[in-house]
Amino acid sequence: MEKIVIIGNGISGVTVARHIRKNSDKEILIISGETEHFFSRTALMYVFMGHMRYRDIKPYEDYFWKKNRIDLKFDLVEFVDTDSKSLTMKRGNNINYDKLILAVGSKSNKFGWPGQDLKGAQGLYSYQDLQLLEENVKDAKHAVIVGGGLIGIEFAEMMLSRGIGVTLLEIGDKFWGNILPDEEELMLRKYIESHHVSLKLGTVLDELISDENGRVKAIKTKTGEVIECQIVGLTPGVSPNIDFLKSSNIETEKGIKINKYFETNIKDVYAIGDCAQFDEGVNGRKNLEQVWYTGRIMGETLAQTICGNQLAYNPGPWFNSAKFFDVEYQTYGWVFANRRDFEDHYYWQHPSKPIAMHFVWNKRTDEFMGINTFGVRLRHELFDKWLIDKVSIDVIMSNLRTANFDPEFFKVYEKDIIHGFNIQTDKKIKLKPKSWWLNLLNKGA
Amino acid sequence: MKILQKLGLVVSIIGIILFTVTIFSSSYELNKSAIISHFDSDLDNIDSGDTIANSFMSAVETYTSLNSKDFHNVYTFNNALPKIIEIHNATISNLLEAEGISNKNVATIFELANGTEGVQYSEEIIRAGVQNNEVKVKLLLDNTSWMFSGQKVYANFTEFESVFNRKLPDLNSNVGSVYKLHSDGATLFHLNKSFAVSGVKSNTGLWFFLTFGLVIIGALMYNSANIKLLGPAGIKNDGIYHSSLTKRGWVAWIVLVYLVSIYLFLYFAPQYLANVVLLVDPISVLLSGNPAGQWFLYGFIYCVAMFLMAVRMYVKYRHNRYQVIRTTVVLFFQIAFAFIIPEILVRFNMPYYDFKNAWPLDYDFFFEWNLNDLLSSGSMGLFMLFWGTILTLIIVPVMVYFYGKRWYCSWVCGCGGLAETLGDPYRQNSNKSMKAWKFERWIIHGVLVFAIVMTVMTLYTFFTGANSVLWIDTYSIQRTYGLLIGSIFSGVIGTGFYPIFGNRTWCRFGCPLAAYLGLVQRFKSRFRITTNGGQCISCGNCSTYCEQGIDVRAYAQKGQNIVRSSCVGCGVCAAVCPRGVLKLENGPEANRFGNEGPIVLGNDGFEVVK
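Residues numbered from 1 in each chain as written. Chains lettered and ligands numbered in written order. Predicted model: local features only at pLDDT ≥ 70, side-chain atom pairs only at ≥ 80, totals over all residues. Heavy atoms only, no water.

Colleague: So what about helix 2 (residues 32-39) of chain B? Which residues, and what values?
Modeller: Residues and elements named next belong to chain B. Inspection of helix 2 places Ala-34, Ile-35 and Phe-39 among the buried residues, and these make up the whole buried set. Projection of helix 2 onto a plane perpendicular to its axis shows the buried side chains occupying an angular sector of 110°, all on one side. Across from the buried face of helix 2, at angles greater than 90 degrees, the exposed residues are Lys-32, Ser-33 and Ser-37. (Buried < 20%, exposed > 50% of the residue type's maximum accessible area, 1.4 Å probe, protein only. Helix = DSSP H or I, 4+ residues; strand = E, 2+ residues; numbered from the N terminus. Arc of directions from axis to C-beta.)

Structure (structure tokens):
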């Protein structure tokens, strides 16, 4: 039986393993240097805040692996010898493979700040980071977080839950400025500040200052401002975790270079997930995707190829989600931070609550292109279909009631939203009454 | 704000401590006037009340002359009482010997009647059994000749024994046995209430304030402080796994011991709670006109606890209208239907009835005493009988079809109501493992079968008069069910074990109604929890906070909908999900189970070639 070895037990590695097992009897081994079992990285923050224990964030009970004949190895790969198809391990014996799948994920960025290795300064990515953070918060009163993005905001929420004050430094002049258009960015910025987070935009970290024990006691910005702190969260993005491959024959750049079939330059070696870098972005996406969902999709797809049904990476319409303190964010389709000239935009925001929607469509053809939603849940299946069918913005607006995914009895704002839309566009779209959404899916809009 | 919160906590703890103190704070006086007022309700006529009072008085004198006169606290008093009662009963026995059918008579009759060729009961046996005492012979001939072995067929001697024993109180009612006192919980309880001397009795209003009043005020202070202290509206689960109360720490065990103790006292030794019950006597009299029993106290505590914890729910989930509305509705049903209405019914001489309590949860609805009670209570009684029947047979399954079992389990049911409010801090304690699910399915359907078999036997006995069905005695099945399932499982373990096993232990593992509702929900219902396409990030909040121990994540991460017989539709999984992946909804049955898999939405579909 062919032996498939997967390095990395995150969502990508585990998904490809599960799907290979669903479609074949090949031997499967998952190696991880981080943990013994797969856990949901997105949930580390909830363990820290006391919502769950570590064992609660493992998506499968421990008997699952043996039951599905997926072997696990808890060890660190030090060298990949593609000539002899073998892996040199830190603790154990060499491991041979017939096919190798690299799903090694990311590491936190560090940009060479003086003092970045002081005690109390750390990133937030791995299980080890979580354990380190539990140590670092002891006696801490204030934290400075470097990088205003998703991990940064989660780090802030975690600090606040322990009564530790937060200053967030962001190099750009917007919070999560690569992704958020101006309107919602402003709303979120005010919302974040209302949580007593001191948000410093356009601020660059210069150095971390040590106390007499090698622990950080303050940071200094490029403009000379000194902020006292005992914790520094280094969260200015992540990069593929590929240092251990530098000595191998596998070609890397920012990440492990792959084609649309996830093949690297070496036969029988593949890469998926955060660590993989496509020659060109597929379906209009970037060539580096560091998202939970895309890791899962890549795993599903590669498993087909491994089992004899060669498929190229072909994700459907873009979607993503996040949560900023208590505000849930979902996005379907493309909503870029900077408008492109063929786009028309409509932004609606609740007068007092952090609830908003941002619609994007093609000026000429009226084709719906994307939506950002804050504080209102929307149905993924409907938006997926509408984007695939390239429906007009009118279809989206008139079916807003059916597209709502909030719990029963929740306040709805569709009348308000469509009212503003009609005024802006001079259209006269009528809100259709709420119908059973599956009917909309099957009939077509 | 912090001060308000801490003060509120302290005040309510003081209230609980004082409440606990009232269990022990009474002393007891067995003087002549107290004894007469307890036993002799009719002071003008000489009747059985006088006899009992006199005999009891002399028993007290006998006891105190032999023992110390000290039974001034609840413990020594209840130690002494059974002994006093024994002395009293012995005196009565002497009376019985002379005039009624005594135990000795009965024993002799049984010995003679147990013939080698079957039951032998005739005038001959009677005369031999009572040694030809003509008064006794006449009594037995008048009342038991229909039981002669020539006229009645007995399956075995045990049947004869139980028929005879059931007739005996009728026989002796004018003669003496009614003068005997039982040492059962109910009798001891009433004795405790009558003879207690305490601050609670003399100053009920003050003590009510010091106990219930302080707890209520403290809890309201604590929760209003939390409106500010817990931060802006949103999910508030910070620190649950850091706190001893919610992570099965020592505080949780203390709560467990306290809750279990209260239940054990209520069911098996209510006499020790008599002084506490005095606290709510005025309220009971206001509602039904009767003084309170231990179950009124229980109902009152239940409503107060639910109310205070509902306020906590409002603060915690104020951003979630489903939780707010659901909490209000279930609180209303408990206070109105389970507490106030039955008491008012009693005031109007109608049977005590909770209109929302459906068989088989209301397991004694079809018991003989209840059916007789309803049938002899005019048109209201008939209506209750009719209502109870169609509630179970028609209303329940139809509502489950449209809304899922949540309409009952988390919107109407009293057990569910307490679980959702008092039990909210303990949702995460339910076991989510596959093993627990397998165990759950066996045990809950087992209890359903037990309840059905017991009811079938009960109805058979009711209509045919036969005491046993296939050699099993109906009454002992009823008693066993009542003890094991009704008392221990649903009460002691069901609520007492919240802090360790989770807030739905009864609902998930024991409730036969839940099993019935669940079967309908799983196979014929419009309810499901829809999963939002491919949005699940497998964080695990949903599974962690599912009180029924459903591994919600297992479905969500596959894009599958949750259709499970155990889902009570509390909506908390949807509330704690950080990505808005779950939605409780009712819709057409087609495709109720959602994505058949294995590919989750987001991958631009491909044919999985096997």
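Having seen it, we continue.
Colleague: Explain the pattern of salt bridges to me, using residue names and the numbers behind them.
Modeller: The final tally for this structure, using the stated rule, is 42 salt bridges over all chains. Arg-53 of chain A is the salt-bridge partner of Asp-56 of chain A, the closest N and O atoms lying 3.0 Å from each other. With a closest N to O distance of 3.2 Å, Lys-356 of chain B and Asp-354 of chain B form a salt bridge. Judged by its relative accessible area of 14%, Asp-354 of chain B falls in the buried class. In the salt-bridge network here, residues are joined through shared partners; they are Arg-312, Lys-316, Arg-326, Glu-420, Asp-424, Arg-427, Arg-504 and Glu-547 of chain B. (Salt bridge = Lys/Arg side-chain N within 4 Å of Asp/Glu carboxyl O.)

Colleague: Quick one: what's the story with a nonpolar patch on the surface, residue by residue and with numbers?
Modeller: There is a patch of nonpolar side chains on the surface, built from Leu-393, Ile-394, Val-398, Phe-402 and Tyr-403 of chain B and spanning about 480 Å² of accessible area. On the secondary structure map, Tyr-403 of chain B appears in helix 18 (residues 378-403). (Patch = residues over 30% accessible without salt bridge, like charges linked within 9 Å, V, L, I, M, F, W, Y side chains within 5 Å. Areas by Shrake-Rupley, 256 points an atom, 1.4 Å probe, with all protein chains shown as cover.)

Colleague: Let's hear about the sheet that holds strand 24 (residues 356-362) of chain A: which residues, and what values?
Modeller: Residue and element names in this part refer to chain A. Strand order in the open sheet formed by five strands is 21-22-25-24-23, and the pairing between neighbours is antiparallel. Both edges of this open sheet fall to strand 21 (319-324) and strand 23 (343-349), since each of them pairs with a single strand only. On average, each strand axis in the sheet is inclined to that of its neighbour by 10°, with strand direction left out of account. Across the face of the sheet, helix 6 (residues 182-193) comes into contact with strand 21, strand 22 (327-333), strand 23, strand 24 and strand 25 (368-374) while running at roughly 30° to strand 23. (Pairing = 2+ DSSP bridges. Axes fitted to C-alpha atoms, helices over the stretch in contact; angles between N-to-C directions. Contact = heavy atoms within 4.5 Å.)

Colleague: Report on the interface of chain B and chain A, specifying residues and quantitative values.
Modeller: Facing the 67 residues of chain B at the interface are 64 residues of chain A. Between chain B and chain A, roughly 5,200 Å² of surface is buried when both sides are summed, and carbon and sulfur atoms account for 49% of that area. For chain B, the biggest contributors to the area lost against chain A are Gln-535, Arg-579 and Lys-583 of chain B; these three give 12% of the whole. Where chain B meets chain A, there are two salt bridges. Between Arg-406 of chain B and Glu-408 of chain A there is a salt bridge, with its nearest N and O atoms 2.8 Å apart. (Buried area = accessible area lost by both parts, 1.4 Å probe.)

Colleague: Report on the environment of Val-14 of chain A, specifying residues and quantitative values.
Modeller: With respect to the secondary-structure elements, Val-14 of chain A resides in helix 1 (residues 11-23). Between the C-alpha atom of Val-14 of chain A and that of Phe-38 of chain A, which follows or precedes it by 24 residues, the distance is 7.2 Å.

Colleague: Would you mind going over unusual backbone geometry in detail, with residue names and values included?
Modeller: Cis geometry is found at the peptide bond from Trp-359 of chain B to Pro-360 of chain B, where omega equals 5°. Among the structural elements, Pro-360 of chain B can be located in the loop between helix 16 (321-347) and helix 17 (368-375). Notably, Asn-283 of chain A is not glycine yet its phi reads approximately 50°, a positive angle. Tracing the chain through its elements places Asn-283 of chain A in the loop between strand 20 (276-278) and helix 7 (292-306). Even without glycine at this site, Lys-390 of chain A takes up a positive phi of about 50°. By secondary structure assignment, the location of Lys-390 of chain A is in the loop between helix 8 (380-388) and helix 9 (393-398). Using a relative accessible area of 54% as the deciding quantity, one classes Lys-390 of chain A as exposed.

Colleague: Which residues make up the packing of aromatic side chains, and what values do they have?
Modeller: Here the structure, examined in full by the defined rule, presents 77 aromatic pairs over all chains. Taking 5.0 Å as the distance between ring centres and 10° as the angle between the ring planes, the aromatic pair formed by Phe-278 of chain A and Tyr-313 of chain A counts as stacked. With Phe-278 of chain A in strand 20 and Tyr-313 of chain A in the loop between helix 7 and strand 21, this pair connects stretches of sequence that are 35 residues apart. For Phe-278 of chain A, a relative accessible area of 2% puts it in the buried group. On the basis of relative accessibility, which here comes to 3%, the residue Tyr-313 of chain A falls in the buried class. Ring geometry for Phe-208 of chain B against Phe-300 of chain B: centres 5.8 Å apart, planes inclined by 50°, an arrangement best described as tilted. Here Phe-208 of chain B, found in helix 11 (residues 204-229), pairs with Phe-300 of chain B, found in helix 15 (residues 294-316); they are 92 residues apart in sequence, far enough to count as distant. (Phe/Tyr/Trp six-rings, centres within 6.5 Å; stacked < 30°, edge-to-face > 60°.)

Colleague: Lay out the side chain of Asp-362 of chain B in plain terms, naming residues and giving numbers.
Modeller: Residue and element names in this part refer to chain B. Counting through the fold element by element, Asp-362 comes out in the loop between helix 16 and helix 17. No salt bridge is formed by the buried Asp-362; the nearest opposite charge belongs to Lys-356, separated by 10 Å. In this view, Asp-362 contacts Tyr-353 and Asn-357; residues no more than four positions away in its chain are not counted. (Lys, Arg positive; Asp, Glu negative; His and termini not counted.)

Colleague: Can you lay out the sheet that holds strand 5 (residues 86-89) of chain A for me, pointing to particular residues and giving the numbers?
Modeller: Judged by pairing direction, the sheet is antiparallel, and its three strands sit side by side in the order 4-5-6 (chain A) without closing on themselves. Only two strands of the sheet have a single neighbouring strand rather than two, namely strand 4 (77-81) and strand 6 (95-96) of chain A.

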